Amino acid sequence: MCIRDRLARGGKRWRPVLCLMITDAFGGKISDVAAVAGLCEIVHNGTLVIDDIQDSSKFRRGKPCVHHIYGIDLGTNASNFAYFLPVQTCILQNPQFTAAQKSAMLNAYFEEMISVHLGQGWDIYWHNLKEIDSFLPNEENYLQMVSHKTGVLPRLGARLTGMALGLPNDTLNKVTRFAQNIGVGFQIQDDILNLVGEDFSTKGFLGEDIHEGKLSLIALHSLRNANEKDRRRLFEILRMRTEDQKFIKEAIDLMKKTNSIQYAADRARVIVEETWRDVEGVLPETEAKKHLAMMKDYLIVRKV
């Protein structure tokens with residue numbers, strides 16, 4: 001019931017759509033990758049359930065998080081269930097794939113799921129730092145973390161899609177890197193909207209990342225570029241785990257003072273555009289290619 005509830009709440013569904021768009025771009029049929037696209041969305045929703053538990057989140061898509069409805073025990077179990085069920089139904093029991101394809105897909109799946117757990121672990125550890133003078137991640141550390149945490153699932157989808165289509169390794173590597181970096185750009189834009197998005201209220205209130213103490217690219221840039229007084233004050237608010245909008249607004253103002261929100265938006269754009277230049281040369285000149293270009297632009301400038 002937990003996963004059904006979570007799936008029924010909707011979402012952008014851009015990860016499975018990406019699988020379908022890559023397929024279209026290389027002249028494949030939707031039926032070739034429908035199972036892969038479904039796997040990516042189910043697994044993604046499983047990661048959201050456990051992420052909400054680990055972050056002590058209250059709302060997701062305008063409703064109480066599923067662990068507040070069904071309990072932490074059922075929520076945790078449902079999240080794990082969502083990792084394994086689609087592997088069986090979408091890969092192992094899928095007659096479309098050869099034994100060799102299934103073996104390669106399983107290997108890819110478990111590699112990427114290890115990565116997503118490593119990324120989540122880094123994120124949790126960082127937003128539990130107690131002292132500002134202890135290890136503070138730099139931008140390279142952040143990009144490594146978010147590539148694992150948020151970049152993994154689009155990368156997994158692109159990787160499995162390429163395997164289903166039989167893409168050459170060089171082409172597959174470029175497509176998967178593109179998908180990963182779209183995920184990175186998407187996360188950075190999510191972090192921006194969490195602080196300043198007028199319509200970004202599906203998690204309950206503006207600035208929930210501040211309440212959770214998250215060291216986003218915005219926060220890290222501000223902490224490294226603010227004067228000493230502002231730097232310590234911002235870190236203090238991040239450690240409060242406050243829901244008080246007065247303190248959250250103060251933290252947002254401190255980040256604006258260092259122009260960190262604009263910096264993050266610019267970095268997201270550069271990251272996605274660089275990887276697009278790498279992949280566009282292997283994509284056939286079709287309408288589907290234009291649609292992919294539109295999608296990557298939308299994900300880093302969207303307002304919701």
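Residues numbered from 1 in each chain as written. Predicted model: local features only at pLDDT ≥ 70, side-chain atom pairs only at ≥ 80, totals over all residues. Heavy atoms only, no water.

**Q** Is there a simple way to think about unusual backbone geometry in this case?
**A** Phi is mostly negative for residues that are not glycine, and the peptide bonds are mostly trans. Of note in this structure, serine 56 is not a glycine but carries a positive phi near 55 degrees. Looking at where serine 56 falls in the secondary structure, it is placed in the loop between α3 (30–54) and β1 (59–60). (Helix = DSSP H or I, 4+ residues; strand = E, 2+ residues; numbered from the N terminus.)

**Q** Explanation requested: the packing of aromatic side chains in the structure shown.
**A** For any two aromatic rings, the description comes down to two numbers: the centre-to-centre distance and the angle of the planes. One pass over the structure, following the stated rule, counts three aromatic pairs. Between tyrosine 109 and phenylalanine 110, the ring centres sit 5.4 Å apart and the planes meet at 85 degrees, which makes this aromatic pair edge-to-face. Residue classification places phenylalanine 110 among the partly exposed positions, given a relative accessible area of 40%. Residues phenylalanine 178 and tryptophan 276 carry aromatic rings whose centres are separated by 5.4 Å and whose planes lie at 55 degrees to one another, so their mutual orientation is tilted. Within this pair, whereas phenylalanine 178 is found in helix α9 (residues 169–196), its partner tryptophan 276 is found in helix α14 (residues 260–279), the two being separated by 98 residues in sequence. Here phenylalanine 178 falls in the buried class, since its relative accessible area comes to 2%. Overall, tryptophan 276 belongs to the buried group, its relative accessible area being 7%. One cation-aromatic arrangement involves arginine 15 over phenylalanine 186; the distance from NZ or CZ to the ring centre is 5.4 Å. (Phe/Tyr/Trp six-rings, centres within 6.5 Å; stacked < 30°, edge-to-face > 60°. Buried < 20%, exposed > 50% of the residue type's maximum accessible area, 1.4 Å probe, protein only. Lys NZ or Arg CZ within 6 Å of the ring centre and 35° of its normal.)

**Q** In this structure, what is going on with empty space enclosed by the protein? I would like to understand it.
**A** Once rolled over the atoms, a probe with the size of a water molecule shows which space is left empty. Applying the stated criterion to the full structure yields one cavity of 30 Å³ or more. One number sums up the size of the largest cavity: a volume of about 50 Å³. Considering the residues around the largest cavity, the lining is formed by Asp191, Leu195, Asp209, Ile210, Lys214, Ser216, Ala219, Leu238 and Met255. If you list the elements that add at least two residues to the lining of the largest cavity, you get α9 and α10 (208–211). Residues that form the lining of the largest cavity fall into these classes: five nonpolar, one polar and three charged. (1 Å grid on protein atoms, 1.4 Å probe; cavity = no way out; pocket = protein on both sides within 12 Å on 5 of 7 lines; lining within 4 Å. Points joined across faces, edges and corners; volume = space filled by probe spheres on them. Nonpolar A, V, L, I, M, F, W, Y, C, P; charged D, E, K, R; others polar.)

**Q** I tried to follow the nonpolar core on my own but got confused; where do I start?
**A** One broad rule of soluble globular proteins: the nonpolar side chains tend to lie buried together. Among the nonpolar cores identified, the biggest contains 35 residues, and Tyr142, Ile188, Ile210, Leu215 and Leu223 are the most heavily contacted of them. Looking at this core, the elements that each hand over two or more residues are α7 (139–149), α9, α11 (217–225), α12 (228–240), α13 (245–257) and α14. The element contributing the most residues to this core is α14, with six residues. Sequence-distant contacts of leucine 215, that is, excluding residues within four places in its chain, are made with Trp126, His127, Leu129, Leu136, Pro137, Tyr142, Leu220, Leu223 and Leu238. In this structure, Cys19, Ala37, Cys90 and Leu153 belong to the second largest nonpolar core, which totals 34 residues. (Core = buried A, V, L, I, M, F, W, Y, C linked by side-chain atoms within 4.5 Å. Contact = heavy atoms within 4.5 Å.)

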